[in-house]
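Fold and geometry: a report
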There are 2 protein chains.
Amino acid sequence: MSDRFATRPGEVELGFDPAERPDATLHFIGRLRSPWSEGDCPRNVRAARETGKAAHIELAPEFLPGLEGLEVGQPVVLIYWMYRARRDLIRQVPRHADGARGTFALRSPVRPNPLAMSVVKITGIDLEAGTVGIDAIDCFDGTPLVDIKPWIGTVDDPA
Amino acid sequence: MSDRFATRPGEVELGFDPAERPDATLHFIGRLRSPWSEGDCPRNVRAARETGKAAHIELAPEFLPGLEGLEVGQPVVLIYWMYRARRDLIRQVPRHADGARGTFALRSPVRPNPLAMSVVKITGIDLEAGTVGIDAIDCFDGTPLVDIKPWIGTVDDPA
């Protein structure tokens with residue numbers, strides 16, 4: 001097992017890999033293109049935004065009609081698949097946090113279903129190229145995209 | 001095909017079922033227990049909240065250590081699997097909307113990957129019972145749960 005998958009003191013493993021107990025399947029709708037690779041990836045979308053570096057979605061052609069009605073400037077929820085993360089840690093000791101926490105109290109990519117969720121703004125839509133510009137993203141270049149949803153303030157803001 | 005799966009004028013089918021082209025697998029971590037079934041389900045979590053009816057999560061026992069660090073009153077992001085929704089409509093004519101829109105411009109459960117996302121507040125945590133109380137949810141009783149994440153205003157609020 002690589003260093004990336006080393007278990008730190010205080011961390012708790014599930015004892016099984018959720019990948020080996022499938023209940024449903026995902027189909028990737030495209031990829032996120034970002035400036036980031038291992039070692040320089042911002043830890044969340046706010047940090048990514050602060051770098052001033054944009055990103056874009058490459059949508060698979062069959063899904064392009066699904067963009068109809070989305071507009072430049074609009075905030076959207078992206079759900080994407082952190083494909084390199086292990087799935088079997090239920091208690092973690094992240095480098096940046098003070099002490100151990102349960103996986104569901106963390107935004108770590110390491111979780112039973114390694115889905116990430118970010119709210120980003122659409123900066124452009126190019127149906128010919130099959131791309132959607134977004135203001136920022138916090139994942140590696142090439143990360144698989146699972147869903148795009150309109151963000152709705154009156155529903156999604158808990159305040 | 002049942003009425004529930006009828007395609008309306010103006011709707012566009014993908015021509016394949018994304019369920020039959022799996023790229024990754026999900027493992028359900030529990031179920032959402034709600035007062036809702038077909039015919040009376042609120043259309044979003046705000047509408048669910050306005051009914052005054054609470055809900056709760058039943059977490060599978062092996063995932064309970066993952067709750068450590070979550071607190072009553074805290075907003076969390078829930079990701080859940082709308083298991084009864086068809087996955088092959090890329091342009092839709094929802095009953096409540098005016099005209100057709102692309103699937104990614106809608107919060108309809110009908111989408112290539114029928115994941116729903118809601119921000120809810122924790123109202124109680126009972127580790128012995130394996131349940132997490134939440135203020136509201138907008139899905140059928142028994143809907144499979146995929147993830148719980150802390151909602152972080154400085155990251156998740158686009159305003």
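Anything mentioned here points back to the structure above.
Residues numbered from 1 in each chain as written. Chains lettered and ligands numbered in written order. Predicted model: local features only at pLDDT ≥ 70, side-chain atom pairs only at ≥ 80, totals over all residues. Heavy atoms only, no water.

Remarks on the overall build of chain A
Across its full length, chain A holds two helices and 10 strands. For chain A, the sequential pattern of α-helices and β-strands runs β-β-β-α-β-β-β-β-β-β-β-α. Computed over its C-alpha atoms, the radius of gyration of chain A comes to 17 Å, within 12% of the 15 Å expected for a compact globule of 159 residues. Contacts in chain A between residues far apart in sequence, at least 24 positions, make up 79% of those at least 6 positions apart. Element-wise, carbon and sulfur atoms account for 50% of the exposed surface of chain A, whose accessible area totals about 7,000 Å². For chain A, the centre of its 19 positive side-chain charges and the centre of its 23 negative side-chain charges are spaced 7 Å apart. (Helix = DSSP H or I, 4+ residues; strand = E, 2+ residues; numbered from the N terminus. Rg over C-alpha atoms; globule rule 2.2 N^0.38 Å. Contact = heavy atoms within 4.5 Å. Areas by Shrake-Rupley, 256 points an atom, 1.4 Å probe, with all protein chains shown as cover. Lys, Arg positive; Asp, Glu negative; His and termini not counted. Charge placed at Lys NZ, Arg CZ, Asp CG, Glu CD.)

Some points on the pattern of salt bridges
Here the structure, examined in full by the defined rule, presents 20 salt bridges over all chains. Of the charged contacts in the structure, one is a salt bridge between Glu68(B) and Arg91(A), with a shortest N-O distance of 2.7 Å. One end of the pair, Glu68(B), is in the loop between strand S4 (55–59) and strand S5 (75–81); the other, Arg91(A), is in strand S6 (residues 89–92), on a second chain. Residue class for Arg91(A) comes out partly exposed when judged on its relative accessible area of 23%. Close ionic contact of Asp141(B) with Arg33(B) constitutes a salt bridge, the shortest N to O distance being 2.8 Å. (Salt bridge = Lys/Arg side-chain N within 4 Å of Asp/Glu carboxyl O. Buried < 20%, exposed > 50% of the residue type's maximum accessible area, 1.4 Å probe, protein only.)

Things to note about the interface of chain A and chain B
If you look at the interface, chain A gives 60 residues, while chain B gives 60 residues. Between chain A and chain B, the buried area comes to about 5,500 Å², and carbon and sulfur atoms account for 60% of it. For the chain A face of the interface with chain B, the top three residues by lost area are His27(A), Phe104(A) and Arg107(A), together amounting to 14%. Where chain A touches chain B, the interface holds six salt bridges. Between Arg107(B) and Asp156(A) there is a salt bridge, and its shortest N-O distance comes to 2.8 Å. Where the side of chain A that touches chain B is concerned, the elements lending two or more residues are strand S2 (24–26), helix H1 (45–50), strand S5 (75–81), S6, strand S7 (101–102), strand S8 (115–126), strand S10 (143–150) and helix H2 (153–156) of chain A. Partitioning the side of chain A that touches chain B into residue classes produces 36 nonpolar, nine polar and 15 charged. (Buried area = accessible area lost by both parts, 1.4 Å probe. Nonpolar A, V, L, I, M, F, W, Y, C, P; charged D, E, K, R; others polar.)

Side note on the pairing of strand S9 (residues 131–134) of chain B
Residues and elements named next belong to chain B. On S9, burial covers both faces: Thr 131 and Gly 133 on one face and Val 132 and Ile 134 on the other are all buried. The sheet contact formed by S4 and S9 spans four bridges and is antiparallel. Looking across to S9, one finds that Ala 55 is bridged to Ile 134. Sheet topology places strand S8 (residues 115–126) next to S9; four bridges connect them, and they run antiparallel. By the bridge assignment, Ile 122 is partnered in S9 with Ile 134. (Pairing = 2+ DSSP bridges.)

Details of the pairing of S4(B)
Residue and element names in this part refer to chain B. Only one face of S4 is buried: it carries Ala 55, Ile 57 and Leu 59, and the other face, with His 56 and Glu 58, is open. In the sheet, strand S3 (residues 30–33) pairs with S4 via four bridges, with the strands oriented antiparallel. Bridge pairing in S4 places Arg 33 opposite His 56.

What to know about the sheet that holds strand S7 (residues 101–102) of chain B
Note: strands within a sheet are paired through backbone hydrogen bonds, in either parallel or antiparallel orientation. All names here are of chain B. The three strands are arranged S1-S6-S7 in an open sheet whose pairing can be described as antiparallel. The strands lining the two open edges of the sheet, one partner per strand, are strand S1 (12–13) and S7. The pairing of S1 with strand S6 (residues 89–92) spans two bridges and is classified as antiparallel. Bridge assignment links Glu 13 to a residue of S6, and that residue is Leu 89.

Points about the side chain of Thr143(B)
Residues and elements named next belong to chain B. Here Thr 143 lies in strand S10 (residues 143–150). According to the relative accessible area criterion, Thr 143 is buried, its value standing at 2%. Within polar-contact distance, the side chain of Thr 143 engages the backbone oxygen of Phe 140 at 2.7 Å. Ignoring anything within four residues of it in the chain, the contact list for Thr 143 reads Gly 30, Arg 31, Leu 32, Tyr 80, Trp 81, Met 82 and Tyr 83. (Polar contact = N/O pair within 3.5 Å; in protein donor to acceptor, adjacent residues only side chain to side chain.)

What about the sheet that holds S10(A)?
One closed barrel accounts for six strands, arranged S3-S4-S9-S8-S5-S10 (chain A); its pairing is antiparallel. The sheet shows a mean angle of 45° between the axes of neighbouring strands, taken without regard to direction. (Axes fitted to C-alpha atoms, helices over the stretch in contact; angles between N-to-C directions.)

On their own, these measurements won't tell you what the molecule is for.
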